[in-house]
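Secondary and tertiary structure notes
For reference, the chains in residue letters:
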Amino acid sequence: MEVTGLDGKVALITGSSKGIGRATAITLAEAGADVVINHRDSAAEAETAREAVERAGRRAIVVQADVGIPDDVERMFDTALAEFGRIDIGIHNATYSRRELAVELPFEDWKRALEVGLDGGFIVAQRTARDLIRRGKPGSIVFVGSIQAVRNPARSSAYNTAKNGLRGLTYTLAIELAEHQIRVNLLEPGWIDTPGERKYATEAELAEGGRRMPWGRMGRPEEMANAILFLVSDLGSYVSGETLRADAATWLLGGEDI
């Protein structure tokens, strides 16, 4: 089935210089969207993502912004609107995590995880919705959560809390924005093979961990991008207030790390 509804649309994606965000930027561009690529300190990777979007025949800009700083998020939207004149799709993918027992976790790391993972998501959704309502247009908001919202493994108290918060935000906004035909959904990926995982595990450990997954491997960023494509395109035109868990049944294995 041909994907429709993205030609000429503009998608803003936080944390899109690498991993799931990068794959999503490229996938949406291939489906016809122009893209706002965001990074905090990955300028080189963001530029290669922009080049990939342009190879797909779409326009892209790169905006450096720390999603944990409200003024930065506001500036990112102002820049995007000045360039494209509209935002049709807001995708909050940026996150922060420090894996540590709660009794040892510095408060600054707790605060940072919620600022980036939850507060930033609120502002992204708010600004996206405001522009859509101003223009009287339908649109889509997607939060990238995690199955850790249901598995809640140890050493991830702040990250788990931020991802759980996105659930409540998704459901509330879906009801509030329904009259404007703005769809709000949550993607909960499983264990995905991204650069961020290499902060905590070696290649051998990742390979071994992948073999213990229900499908015998980790998920791929492109698979998450395809799920987001469904949610923001006309393929998901009657889907709002939903959690799409894309983890090959990993959440059914229980609460602790596999």
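Not measured: the values here are computed from a predicted model. (Residues numbered from 1 in each chain as written. Predicted model: local features only at pLDDT ≥ 70, side-chain atom pairs only at ≥ 80, totals over all residues. Heavy atoms only, no water.)

1. Here's the deal with the overall build of the protein
- Each helix and strand in the protein was counted, giving 8 helices and 7 strands.
- Rg of the C-alpha trace for the protein: 17 Å, near the compact-globule value of 18 Å for 258 residues, within the 12% margin.
- The burial tally for the protein puts 52% of its 258 residues in the buried class.
- Pairs at least 24 apart in sequence give 74% of the contacts found in the protein among residues at least 6 apart.
- Total accessible area on the protein stands at roughly 11700 Å², and carbon and sulfur atoms take up 51% of it.
- Taken as two groups, the 31 positive and 38 negative side-chain charges of the protein have centres that lie 1 Å from each other. (Helix = DSSP H or I, 4+ residues; strand = E, 2+ residues; numbered from the N terminus. Rg over C-alpha atoms; globule rule 2.2 N^0.38 Å. Buried < 20%, exposed > 50% of the residue type's maximum accessible area, 1.4 Å probe, protein only. Contact = heavy atoms within 4.5 Å. Areas by Shrake-Rupley, 256 points an atom, 1.4 Å probe, with all protein chains shown as cover. Lys, Arg positive; Asp, Glu negative; His and termini not counted. Charge placed at Lys NZ, Arg CZ, Asp CG, Glu CD.)

2. Regarding the sheet that holds strand β2 (residues 34-39)
- Within the open sheet, the 7 strands sit side by side as β3-β2-β1-β4-β5-β6-β7. Their pairing is parallel. Of all the strands in the sheet, just β3 (60-64) and β7 (243-246) have a single pairing partner and so form its edges. Taking the axes of each pair of neighbouring strands and ignoring which way they run, one obtains an average angle of 15° across the sheet.
- Packing of helix α1 (residues 19-30) onto the sheet brings it into contact with β1 (10-13), β2, β4 (89-92) and β6 (182-189), and relative to β1 it is tilted by some 175°. (Pairing = 2+ DSSP bridges. Axes fitted to C-alpha atoms, helices over the stretch in contact; angles between N-to-C directions.)

3. Section: the packing of α1 against helix α8 (residues 221-232)
- In the contact formed by α1 and α8, the axes pass within 8 Å of each other and the chain directions differ by 55°. Regarding the angle of α1 to α8, the classification is oblique. In terms of crossing hand, the pair formed by α1 and α8 is right-handed. Touching G19, I20, A23, T24, T27 and L28 of α1 are P221, E222, M224, A225, N226, I228, L229 and V232, all from α8.
- Tallied by class, the residues present in the contact of α1 with α8 amount to 9 nonpolar, 4 polar and 1 charged. (Parallel < 35°, antiparallel > 145°, perpendicular 65-115°, else oblique. Left-handed = near helix turned anticlockwise from the far one by under 90°. Nonpolar A, V, L, I, M, F, W, Y, C, P; charged D, E, K, R; others polar.)

4. Here's the deal with the pairing of β6
- Summarising burial for β6: 8 of the 8 residues are buried, a large majority.
- Side chains of β6 alternate between two faces, with I182, V184, L186 and E188 and R183, N185, L187 and P189 buried alike.
- Inspection of the sheet shows strand β5 (residues 139-144) paired to β6 by 6 bridges, in the parallel sense. Looking across to β6, one finds that I141 is bridged to V184.
- Pairing geometry for β6 and β7, over 4 bridges, is parallel. When the sheet's bridge partners are listed, L187 is paired in β7 with L244.

5. A short note on the environment of S42
- Assignment of secondary structure puts S42 in the loop between β2 and α2 (43-55).
- For S42, a relative accessible area of 8% translates into the label buried.
- Counting along the chain gives 22 residues from S42 to Q64, while the straight-line C-alpha distance between them is 8.6 Å.
- Separated by 3.2 Å, the side chains of S42 and K18 make a polar contact. (Polar contact = N/O pair within 3.5 Å; in protein donor to acceptor, adjacent residues only side chain to side chain.)

6. Quick notes on the pairing of β5
- Burial runs high along β5: 6 of the 6 residues are buried.
- Burial of β5 is two-sided: the residues G139, I141 and F143 facing one way and the residues S140, V142 and V144 facing the other way are all buried.
- For β4 and β5, the ladder comprises 4 bridges, and the chain directions are parallel. Considered in β5, the bridge of H92 is made with F143.
- A crossover links β4 with its parallel partner β5, the connecting element being helix α4 (residues 107-135), and its sense is right-handed. (Right-handed = clockwise from strand over helix to strand, strands pointing away.)

7. Focus on the packing of helix α3 (residues 70-84) against α4
- Interhelical geometry of α3 versus α4 gives an angle of 30° and a closest axis separation of 10 Å. Taken together, the axes of α3 and α4 are roughly parallel relative to one another. The crossing of α3 and α4 is right-handed. Between α3 and α4, the residues in contact are P70, V73, E74, F77, D78 and L81 and I123, V124, R127, T128 and D131, respectively.
- The class makeup of the residues in the contact of α3 with α4 is 6 nonpolar, 1 polar and 4 charged.

Everything listed here is a matter of geometry and, on its own, says nothing about what the molecule does.
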